[in-house]
Amino acid sequence: MKLPPNSSVLFDSQTIRSRILEIAEKVRQYYASCDLGEIEMVWIAEGARHFADALFNAMNLSIKMRSIKVSSYGKSFESSGDVKIYDSINDIKARRVLLVDDILDTGLTAKTVIAKLKSNGVEEVKTCFLLNKAEKNKGCLKPDFEGFEIPDKYVFGFGLDIAGEYRDLPDIMAFDY
Ligand SMILES: O=P(O)(O)OC[C@H]1O[C@H](OP(=O)(O)OP(=O)(O)O)[C@H](O)[C@@H]1O
Ligand SMILES: Nc1nc2[nH]cnc2c(=O)[nH]1
């Protein structure tokens, strides 16, 4: 597969897998004293597919899991600012939601979904991101669980795409755009 020019590996698959095991253990500990029937893991499609699968398997908790399709980038490297939620999420009424996404960039996607969940009556939303462009978003939303803080470079692989391509690369790559 031809990669974009000036791209390089940011995290290889082994590093990603090890970090996910660590995050999963932290999440397990957090929910250790909770009623598992009250918790639903909600992951944001498409990008979070690989992360959510690996995290869910590593957590090994008997909780519900579902995805919701949300998009705001399309084929662009910048957020359109218009976060579209394609699935109805009105029926997500778990007491506690673990919201899982591949990346926290501007924070707009997560903020929009959190507001919607809260308006449904969800009492607690904990967030879990594999990647966080913390310097770029200036900590606008502090993840409860996160994998790696990364610089402001466009990343792809392990679920993240460039115009629909490269999602199935095992590593996370970065390039300057
Ligand atoms: O913090 P933000 O600036 O809102 O960006 C984060 C979101 O951007 C990507 O989704 P995208 O809209 O590209 O859809 P996709 O997951 O289908 O690729 C990514 O998967 C996150 O959900
Ligand atoms: N693939 C990809 N999607 C994003 N969505 C928000 N930021 C990014 C990024 O750096 N890469």
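Cut-offs used in this document
- Residues numbered from 1 in each chain as written.
- Chains lettered and ligands numbered in written order.
- Predicted model: local features only at pLDDT ≥ 70, side-chain atom pairs only at ≥ 80, totals over all residues.
- Heavy atoms only, no water.
- UniProt positions renumbered as here; feature names shortened; annotations may be inferred.
- Helix = DSSP H or I, 4+ residues; strand = E, 2+ residues; numbered from the N terminus.
- Near = heavy atom within 4 Å.
- Polar contact = N/O pair within 3.5 Å; in protein donor to acceptor, adjacent residues only side chain to side chain.
- Areas by Shrake-Rupley, 256 points an atom, 1.4 Å probe, with all protein chains shown as cover.
- Nonpolar A, V, L, I, M, F, W, Y, C, P; charged D, E, K, R; others polar.
- Phe/Tyr/Trp six-rings, centres within 6.5 Å; stacked < 30°, edge-to-face > 60°.
- Buried < 20%, exposed > 50% of the residue type's maximum accessible area, 1.4 Å probe, protein only.
- Core = buried A, V, L, I, M, F, W, Y, C linked by side-chain atoms within 4.5 Å.
- Contact = heavy atoms within 4.5 Å.
- Pairing = 2+ DSSP bridges.
- Axes fitted to C-alpha atoms, helices over the stretch in contact; angles between N-to-C directions.
- Salt bridge = Lys/Arg side-chain N within 4 Å of Asp/Glu carboxyl O.

Points about the UniProt feature "domain: Phosphoribosyltransferase" (unreviewed entry) in the protein chain
Thinking step 1. In the numbering used here, UniProt assigns the feature "domain: Phosphoribosyltransferase" (unreviewed entry) to residues 20-161.
Thinking step 2. Within the segment residues 20-161, helix and strand shares are 28% and 30% respectively, and the terminal C-alpha atoms sit 20 Å apart.

A word on the site of ligand 2
Thinking step 1. The environment of ligand 2 is made up of Y73, I103, D105, K133, K153, Y154, V155, L160 and D161.
Thinking step 2. Within the side chain of K133, a nitrogen or oxygen atom sits 2.8 Å from an oxygen atom of ligand 2.
Thinking step 3. Calculation on ligand 2 without its partners gives an accessible area of 280 Å², and the protein chains cover 93% of this total.
Thinking step 4. Grouping the amino acids of the shell around ligand 2 by side-chain chemistry returns five nonpolar, no polar and four charged.

Quick notes on the packing of aromatic side chains
Thinking step 1. Under the defined criterion, the tally for this structure stands at eight aromatic pairs.
Thinking step 2. Where Y30 meets F145, the ring centres are 6.2 Å apart and the plane angle is 70°; that geometry is what we call edge-to-face. Highlighted residues: Y30 in helix α1 (residues 13-31) and F145 in strand β7 (residues 145-149), separated in sequence by 115 residues.
Thinking step 3. What makes Y30 partly exposed here is its relative accessible area of 31%.

Describing the site of ligand 1
Thinking step 1. Neighbouring ligand 1 are 19 residues; Y73, D101, D102, T106 and T109 lie closest to it.
Thinking step 2. In the model, an oxygen atom of ligand 1 is placed 2.5 Å from a nitrogen or oxygen of the T109 side chain.
Thinking step 3. At 3.3 Å from an oxygen atom of ligand 1 is found a side-chain nitrogen or oxygen belonging to D161.
Thinking step 4. For ligand 1, the accessible surface in isolation is 500 Å², of which the surrounding protein chains cover 95%.
Thinking step 5. Those elements that provide at least two residues to the shell around ligand 1 are β3 (64-71), β5 (96-104) and α3 (108-120).
Thinking step 6. Element by element, the count of residues in the shell around ligand 1 is highest for β5, at four residues.
Thinking step 7. Of the residues assigned to the shell around ligand 1, the class counts are six nonpolar, six polar and seven charged.

Observations concerning the nonpolar core
Thinking step 1. Judged by nonpolar contacts, the single largest core of 34 residues is most densely connected at F51, L55, M59, L98, V100, L130 and L131.
Thinking step 2. A per-element tally of this core places α1 first, with six residues.
Thinking step 3. Ignoring anything within four residues of it in the chain, the contact list for L130 reads I16, I20, I23, F51, D101, D102, G147, F148, F158 and I172.
Thinking step 4. Grouped together as the second largest cluster of nonpolar side chains are 19 residues, V42, V83, I89 and V125 included.

Concerning the sheet that holds strand β1 (residues 7-11)
Thinking step 1. What the three strands build is an open sheet, ordered β1-β9-β8; its pairing is antiparallel. The open sheet has two free edges, formed respectively by β1 and β8 (154-156), since each of these has just one partner strand. Each strand of the sheet is rotated relative to its neighbour by a mean of 35°, with strand direction disregarded.
Thinking step 2. As paired strands, β1 and strand β9 (residues 172-175) are joined by four bridges and run antiparallel to one another. The residue bridging V9 from the neighbouring strand is M173, located in β9.

As for the side chain of E146
Thinking step 1. With respect to the secondary-structure elements, E146 resides in strand β7.
Thinking step 2. One polar contact links E146 to N132, side chain to side chain, over a distance of 2.8 Å.
Thinking step 3. Those residues within four positions of E146 in sequence are excluded, and the remaining contacts are R19, I23, F129 and N132.

Let's talk about the pattern of salt bridges
Thinking step 1. Under the defined criterion, the tally for this structure stands at 13 salt bridges.
Thinking step 2. Here D91 and R66 are joined by a salt bridge, their closest N and O atoms 3.1 Å apart. Taken as a pair, D91 in the loop between β4 (84-85) and β5 and R66 in strand β3 lie far apart in primary sequence, 25 residues in all.
Thinking step 3. Overall, the relative accessible area of 22% leaves R66 in the partly exposed class.
Thinking step 4. Between K136 and D152 there is a salt bridge, with its nearest N and O atoms 3.9 Å apart. Placement of K136 in helix α4 (residues 134-137) and of D152 in the loop between β7 and β8 is noted, with a sequence separation of 16 residues between them.
Thinking step 5. Since its relative accessible area comes to 28%, K136 is described here as partly exposed.
Thinking step 6. The exposure class of D152 is partly exposed, given its relative accessible area of 43%.
Thinking step 7. In the salt-bridge network here, residues are joined through shared partners; they are E38, R95, R96, E123 and E124.

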